[in-house]
Amino acid sequence: MMKYVATAATAASLIAVASAFSTSGTGFSSTRSATASFVGRSASSTALNMQGSKKQTFATSGSFFPFEEDSLDGSSKKSSSALLMAKGDAPNEEASDGSAGVRQLLGVKGAGSDETNIWKIRLQLTKPVTWIPLVWGVMCGAAASGNYHWIWNPFDPNDRDVALGLEDTAKGLVAMILSGPFLTGFCQTINDWYDRDIDAINEPYRPIPSGKISEGEVIFQAWFLLLGGLGIAYGLDVWCGHELPTVLLLSIFGSFISYIYSAPPLKLKQNGWAGNFALGASYISLPWWCGQAVFGELDRPVYFVLPILYSIAGLGIAIVNDFKSIEGDRAMGLQSLPVAFGVDTAKWICAGSVTATQLGVAAYLYSLGEPTYAAILLALILPQVYFQATLLLPDPIANDVKYQASAQPFLVFGILATGLCVGHHDFSA
């Protein structure tokens, strides 16, 4: 019976995703409803025409355009006016230190604007720097399973089965490729597509608003990464002998969240709370569950509660990313938390959510009778508080990148420490 239920659930989920990306013309399309739209088609054309010498690569009729004629308030004037504020070919100040090429390959702000290699542009569109948290999340889930085997464990003489260790290493690498390049790459590709008007203001050198990649190439990349990722997910389920295709279902769910995060009519990112939590959950909970499902079972509430708590910390990290986009978000009517509450309030929400969540997790680990892991987590929280006090709170806009580079390593090692604690704890005692 379970096998048939799993098959039905998988089929229903695939149909849901397929309907969300139903093809029309040359790509996937959204519902043609004036009340569900966000930016007018005329605004999309304006954004692309602003590039001056750039080649126009998007047609305005007979092809895929996810934005409707009218905005939510029945007028496209707001978005059109916002697009007139676009920076076009303004100097790329972030890359003045000569890092434009590296920034381009990593997909971060300040990328070079003169790259023409289509494969480098495709890579930039997937923002490789954003793969890292997902890859790390898979590692944390594997640790939480308590069933990951080393190739040769120097600390445990009973964990030195080379063949089993090699197989687990291979499974882990495949799960990381699934979570990082494929599904995160898919998420970033569709996010850039739906954000092309905002990027024309905030980051006009991005591949889509600059016209470096065509509509058809973007759509092909999105489909390739989505279907390739789902294929890998199903392969992992078969490899792990899952009766219920857990990894596939998680992948479908994550892909659907990625879509509604970026695309109208829901476009979760329009709401700071919903969008940032969805982002935090996608970067922490989903890869954790993927890693744990590959090597173990998701059969205890704690396996869901802890990743979701860390997703609240992820909400705080997502707010840091919003500080750099205030100009474009405000112009396009997006209610990110810095726009909705102001920079001063948002920076305290950010610091509070990151710190309070980790303190709560440390208290829970202590309550399990794991004081050592609780102490390790507290030791990793202290540097984060210091960087909040010296970088984030004084100027979150100027110090956003520096803060993340300084504080996030301690956060992610704390997540790993929590996974190791859960994996080693005897819940049956």
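Please read all numbers here as calculations on a predicted model, not as lab measurements.

*Asks:* Would you mind going over the overall build of the protein chain in detail, with residue names and values included?
*Replies:* Of the regular secondary structure elements, the protein chain holds 18 helices and two strands. Out of the 429 residues in the protein chain, the part that is buried amounts to 52%. When contacts within the protein chain are restricted to residue pairs at least 6 apart in sequence, long-range pairs at least 24 apart make up 73% of them. Counting only carbon and sulfur atoms, one obtains 65% of the accessible surface of the protein chain, whose full area is about 18,400 Å².

*Asks:* Run through the pattern of salt bridges, naming residues and quoting values.
*Replies:* Evaluated as defined, the whole model comprises five salt bridges. Among the salt bridges present, the one from Glu167 reaches Lys171, with a minimum N-O distance of 3.8 Å. Taken as a pair, Glu167 and Lys171 lie in helix H7 (residues 162-194) at a separation of four residues, close to a single helical turn. Overall, the relative accessible area of 31% leaves Glu167 in the partly exposed class. Judged by relative accessible area, which is 10%, Lys171 ranks as buried. Residue Lys347 pairs with Asp344 through a salt bridge whose shortest N-O separation is 3.5 Å. Linking Lys347 with Asp344, this pair stays in helix H16 (residues 343-367), spanning three residues, or about one helical turn. By relative accessible area, Lys347 is classed as buried at 12%.

*Asks:* Account for the packing of aromatic side chains, naming residues and giving values.
*Replies:* Following the criterion strictly, the structure yields 10 aromatic pairs and no others. Each ring, one from Phe220 and one from Phe224, has its centre 6.1 Å from the other, and the planes form 20°; the classification is stacked. Placement of both Phe220 and Phe224 in helix H9 (residues 215-240) is noted, with a separation of four residues, approximately one turn of the helix. Looking at Phe220, the relative accessible area reads 52%, which means it is exposed. The exposure class of Phe224 is partly exposed, given its relative accessible area of 46%. Members of the aromatic cluster, connected to one another through ring pairs, are Phe182, Phe220 and Phe224. When the ring centre of Trp119 is taken as origin, the NZ or CZ atom of Arg122, which lies over that ring, is 5.7 Å away. Here the basic side chain of Arg196 rests over the ring of Trp193, its NZ or CZ set 4.1 Å away from the ring centre.

*Asks:* Describe the state of the cysteines, listing the residues and the values that go with them.
*Replies:* Inspection of the entire model under this criterion finds zero disulfides. Unpaired in terms of disulfides, Cys290 finds its nearest cysteine sulfur in Cys240, a separation of 8.9 Å.

*Asks:* Report on the nonpolar core, specifying residues and quantitative values.
*Replies:* Counting 68 residues, the largest nonpolar core has Leu178, Val247, Tyr310, Leu365, Leu377 and Ile415 as its most contacted members. Discounting residues that sit within four places of it in the chain, Leu365 has contacts with Glu370, Tyr373, Ala374, Leu377, Thr418 and Cys421. Grouped together as the second largest cluster of nonpolar side chains are 16 residues, Leu315, Ile319, Leu391 and Leu393 included.

*Asks:* Can you lay out helix H12 (residues 285-295) for me, pointing to particular residues and giving the numbers?
*Replies:* Most of H12 sits out of view: 11 of its 11 residues are buried. When H12 is considered as a whole, its buried residues turn out to be Ser285, Leu286, Pro287, Trp288, Trp289, Cys290, Gly291, Gln292, Ala293, Val294 and Phe295.

Basis of the calculations
- Residues numbered from 1 in each chain as written.
- Predicted model: local features only at pLDDT ≥ 70, side-chain atom pairs only at ≥ 80, totals over all residues.
- Heavy atoms only, no water.
- Helix = DSSP H or I, 4+ residues; strand = E, 2+ residues; numbered from the N terminus.
- Buried < 20%, exposed > 50% of the residue type's maximum accessible area, 1.4 Å probe, protein only.
- Contact = heavy atoms within 4.5 Å.
- Areas by Shrake-Rupley, 256 points an atom, 1.4 Å probe, with all protein chains shown as cover.
- Salt bridge = Lys/Arg side-chain N within 4 Å of Asp/Glu carboxyl O.
- Phe/Tyr/Trp six-rings, centres within 6.5 Å; stacked < 30°, edge-to-face > 60°.
- Lys NZ or Arg CZ within 6 Å of the ring centre and 35° of its normal.
- Disulfide = S-S within 2.5 Å.
- Core = buried A, V, L, I, M, F, W, Y, C linked by side-chain atoms within 4.5 Å.

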